[in-house]
Amino acid sequence: MNDDFFAAPPFKADEALVNLKRQLRDLKLAERGSGFELRGKRVVELMIESGAIQLRLARRLVLAPEWDRLSLKSAAEVRKTLDEIKKRLARWEHEE
């Protein structure tokens, strides 16, 4: 049997980055340069490196945040990270 039948399609970081940026704009985040802001505070930074999306995600909504660093190498990791971003946005809205 051919084991490639069940293999996931290759990850295309360029296409995934475009889709991720669109989804972040849909969450009402303002795109500024290589990152996104909420109420003037940087919450996400993105770049492509070595065929993966390198992402920094703020731990808290502050002017000078501490960052969680993630390397997204598959569509599943992108979806999981987007879910985490949504959770943090909801938490930040509740804290305000």
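Residues numbered from 1 in each chain as written. Predicted model: local features only at pLDDT ≥ 70, side-chain atom pairs only at ≥ 80, totals over all residues. Heavy atoms only, no water.

Draft legend 1. The layout of surface pockets, seen in detail. The calculated volume of the largest pocket comes to roughly 270 Å³. Contributing to the lining of the largest pocket are 14 residues, with Phe 11, Lys 12, Ala 16, Asn 19 and Ala 75 lying nearest its centre. For the lining of the largest pocket, the secondary structure elements donating two or more residues are helix H1 (13-26) and helix H2 (75-95). In terms of residues, the lining of the largest pocket owes the most to one element, H1, which gives 5 residues. A per-class count over the lining of the largest pocket returns 7 nonpolar, 3 polar and 4 charged. (1 Å grid on protein atoms, 1.4 Å probe; cavity = no way out; pocket = protein on both sides within 12 Å on 5 of 7 lines; lining within 4 Å. Points joined across faces, edges and corners; volume = space filled by probe spheres on them. Helix = DSSP H or I, 4+ residues; strand = E, 2+ residues; numbered from the N terminus. Nonpolar A, V, L, I, M, F, W, Y, C, P; charged D, E, K, R; others polar.)

Draft legend 2. Focus on the pattern of salt bridges. According to the stated counting rule, one finds 11 salt bridges in the structure shown. Linking Arg 42 and Glu 45 is a salt bridge whose minimum nitrogen-to-oxygen distance equals 3.7 Å. A salt bridge links Arg 91 to Glu 95; the nearest nitrogen and oxygen atoms lie 3.7 Å apart. You can see Arg 91 and its partner Glu 95 sitting in helix H2, 4 residues apart, about one turn around the helix. Taken together, the shared-partner salt bridges in this structure form one network comprising Arg 59, Glu 66, Asp 68, Glu 84 and Arg 88. (Salt bridge = Lys/Arg side-chain N within 4 Å of Asp/Glu carboxyl O.)

Draft legend 3. Spotlight on the nonpolar core. In this structure, Leu 20, Leu 24, Val 43, Val 44, Leu 46 and Ile 53 are the most contacted members of the largest nonpolar core, which totals 23 residues. Every element with two or more residues in this core is listed here: H1, strand S2 (35-38), strand S3 (41-49), strand S4 (52-58), strand S5 (67-72) and H2. Excluding residues that lie within four positions of it along the chain, Val 43 makes contacts with Leu 29, Phe 36, Glu 37, Leu 38, Arg 56, Leu 57, Ala 58, Leu 61, Trp 67 and Trp 92. (Core = buried A, V, L, I, M, F, W, Y, C linked by side-chain atoms within 4.5 Å. Buried < 20%, exposed > 50% of the residue type's maximum accessible area, 1.4 Å probe, protein only. Contact = heavy atoms within 4.5 Å.)

Draft legend 4. View of H2. The terminal C-alpha atoms of H2 lie 30 Å apart, and with 21 residues this matches the ideal 30 Å at 1.5 Å per residue to within 8%. All buried positions along H2 are accounted for by Val 78, Thr 81, Leu 82, Ile 85, Arg 88, Leu 89 and Trp 92. Looking straight down H2, one finds that the buried residues subtend no more than 125 degrees of arc, so they occupy a single side. Relative to its buried face, H2 has exposed residues pointing more than 90 degrees away, namely Arg 79, Lys 80, Lys 87 and His 94. Buried positions along H2 lie against H1, S2, S3, S4 and S5. (Expected span 1.5 Å × (residues − 1). Arc of directions from axis to C-beta.)

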